[in-house]
Structure formats: structure tokens, C-alpha cells
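# Overview (structure and organization)
Residue strings, one per chain:
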Amino acid sequence: MGKALEGVKILDMSHVQAGPTCTQILAWFGADVIKVERPGVGDITRGQLQDVPKVDSLYFTMLNHNKRSITLDTKNPKGREVLERLIKTCDVLVENFGPGVLDRMGYTWERIQELNPRMIYASIKGFGPGPYEDCKVYENVAQCTGGAASTTGFRDGPPLVTGAQIGDSGTGLHLGLGIVTALYHRTKSGKGQRVTVAMQDGVLNLARVKMRDQQRLKHGPLTEYSQHGEGIPFGEAVPRAGNDSGGGQPGRILKRKGWEKDPNAYIYFITQAPVWDAICDVIGEPGWKTHPDYAKPPARLPRLNEIFGRIEKWTMTKTKFEAMEILNNYDIPCGPILSMKELAEDKSLFATGTMVEVDHPTRGKYLSVGNPIKLSDSASEVKRSPLLGEHTDEILREVLGYPADEVAAIKAAGATTPPKKAAAE
């Protein structure tokens, strides 16, 4: 079985999380991702949040699988020569530097087009063109400026960021889609193009149901939000709604058996209209099926707190898996709150490749999230991340075609090693 992106070469000049997320998923599908790193330093995440001393951190290893690493001093003339040959050789360049950094290095879009008219130049920035375009952005800033934080949390509490990395990793996935789209377009046009995703834009796209609700507010209250049933008026902007469902079917996170000691002893329960009768039977309220206050969805909306309070009395008598088994028998939508520990021990996730164990030469075995996208006729595997500069010679020889004497000259010029410090006088 072949790999979908086999033969595609990607010049990965990205770092930290957003760009590496993008290039990693392309590498999983077979692209040859060549990660350019500073000699002696590398991607800053190699040394961040280290759990084991003097080895690459999980932050780095879990975002840089299947890649090759070359160290390159791009301020060194020989280093720039190598970089330009990489630009001429590769199909895609990915970067997430601060605004204007690559331009100041001399590699504007126009210059890159001169070097390689077929190059797809893919960038992640914090903001698109506008008043904030020169501002630096990180994960939580993106969540805050993209509308996620203002709509996450409880109505009487502050805005909250989510544990899912929708700003960094979410934007990286958006960029990956843009890249494969541009690659397909190139098969017809023969030309490369720029692909840009702003982190603010990526988060806003993922929060689009809240922009839906913002427009609905002009025509009346958001009746599926619990505050409507509590008689609390809505303001001008979409409020935080706790764990209310974001769709048209009311839902809540409810306690289950053992909640007093287990912080994750909860289950998400949705009162989907087509299975309302089954819900009434399961929780022991058969009279609600015909009672005018509960029988129809519009009648239930002002009474959601009461309804979910009654359902919670039932869920508190069951473990989350007992409740799930019973509810699934009636097609009642629900889901247990799973901790990271539970997910790390879930054999079914390992069977599908969603979770994998990876062996690393310096840190040993560790767990990682694998490729969440499954293709029926294209292989995908997870290989360990590269050591710093591990493939420098290999890339110079096999990808760029330098003979042995030129490889030696490049190394002698200091293009692949840290700059030497001036001797103290």
C-alpha cells in the first residue's frame, strides 16, 4: 500500500506547535518533511517542559514525527546557499515565524517565486491584514481573539480557554488542508501559490456556531440556552452557556456515581427529541411523555434545569459506563467524561492507530496520539521524531546532490554548526 503524499518534499521552517502540527500530518501521509533547525539549539520545544533531563521533550517528539532534521545557520553564506537550494528543490515551504521575519531574511514571496515558481509558500500568522497583523500570537491569545474564550465558561464566571489546542493545532490543520489544495491546483496550473492561515481566523471558523447564535440574537432569545428557562434576559453578545449543547438538542454534563471522589465522574447527556419517550422510561418518568409541560420540545425548553436535575438523579446511581451501556440501547446520545489516563489506557484507540507507542533512541518508549485521519488505500505510520541535525549529511548528499567534497566544505564553513564565539581578549 502506497502513501498518499509520497514524493512531495516539504521545507519545514516552522517551530513550536502550529506549523509542526501541519507538517507532521503531511509527513504521516508520506511527504518528505525536512525540518530546518538552528545548529546547537533546534526547535525551542526540544528543551521545553522536559520530563526527562537532557533528552528531547514530549512537546517536541509528539509534534515532529516522521521528519528529517538538518541544522543550518542561515546567516552563514554557505548556509544561505544550502537554504536556497532547498527552496529550489522542495514543493512546499512552511513557516510560522513572527510577522515579517522571513522577509527580513531576504525571502519574500517574490524572491521565493524567482527561486522556484512551483513552490507553495505556506504561512501561519496570528492575525490577517488589519490593525493587529503585526502582533505576536500564542494559543490562548488566539482562543481569546477568535471568539472561543468569550463563549466558553459559565454565565456568572470569567471567559475560559479550552484544553484542546484549537489555536495552534487547529490552525495547523487548516494550513495542511490549504497546502494539499494548492498542490492539487498546481497539477493543473503548474504554478505555486501562497497559502496563509491566521490563528484568529482558524479559531473563529471552529467557533462558527457561536457566530450563528450571534445573528439569531437579533430575532429573539436563544431558547436552548439554560438562561432562557431561568428568565434571565440576553445581552447584545452571545453569552457563556456552561455545558449547554451547541446544537439544537439540549445537553448537559451530569454527575454520575462516585462524583464525590472522582473529578471525572460525569457523563454528557443529550435530550434528543426523537428519543424523548425512551428517556422518560429510563429515568422513571413515564408520565412526562404525555404531560403538556414536557411532551414537546418547546414546552421543555423553559424547564431544562428541572429536567436535567431529574435525569441527574438517575445518572448518579450508575457509573459512566453503566449509564452509557443502558442509554445506547435506546439510541440516547451520551458520552462519558474520559480522563487522559483513561484514554492512554484505551486498547481500542491503539488498535486503530489513534494512540501509538513510539520508541526513541534517547528517551525510550513513550505514548503519542497517532494520525486521526484514516485512508482506505493509503498507508500511514508514525515514526519517531529526529534528533537535532540527525539527517544533515543525508539531506545534503541525497536530496540536494552535493558531492562529498562540497559537503565537507559546507561543514568547514560552519554552515551546519553553531557559530564560534569570539575568543576573550
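What comes next concerns the included structure. None of these values were measured; they are calculated from a predicted model. (Residues numbered from 1 in each chain as written. Predicted model: local features only at pLDDT ≥ 70, side-chain atom pairs only at ≥ 80, totals over all residues. Heavy atoms only, no water.)

Of the regular secondary structure elements, the protein chain holds 18 helices and eleven strands. Viewed in the frame of its principal axes, the protein chain has a C-alpha envelope of about 85 × 55 × 45 Å. Out of the 425 residues belonging to the protein chain, those deemed buried represent 44%. Long-range pairs, those at least 24 residues apart, make up 65% of the contacts in the protein chain between residues at least 6 apart in sequence. Side chains of the protein chain carry 53 positive and 51 negative charges; the gap between the two charge centres is 1 Å. (Helix = DSSP H or I, 4+ residues; strand = E, 2+ residues; numbered from the N terminus. Buried < 20%, exposed > 50% of the residue type's maximum accessible area, 1.4 Å probe, protein only. Contact = heavy atoms within 4.5 Å. Lys, Arg positive; Asp, Glu negative; His and termini not counted. Charge placed at Lys NZ, Arg CZ, Asp CG, Glu CD.)

Structurally, the position occupied by Asp12 is in strand 1 (residues 9-12). Accessibility expressed as a relative area gives 0% for Asp12, which makes it buried. When sequence neighbours within four positions are dropped, the list of residues in contact with Asp12 reads Thr23, Val33, Ile34, Lys35, Val36, Lys67 and Val94.

In this section: helix 11 (residues 276-283). Helix 11 sits mainly inside the fold: six of its eight residues count as buried. Every buried residue belonging to helix 11 is among Trp276, Ala278, Ile279, Cys280, Val282 and Ile283, and all of these are buried. Contact partners of the buried residues in helix 11: strand 8 (266-270), helix 12 (297-300), helix 13 (304-315) and helix 14 (320-328).

A separate point is the state of the cysteines. Every disulfide links exactly two cysteines, by a covalent bond between their sulfur atoms. Scanning all chains against the criterion turns up zero disulfides. Residue Cys135 stays outside any disulfide, its sulfur separated by 14 Å from that of Cys144, the closest cysteine. (Disulfide = S-S within 2.5 Å.)

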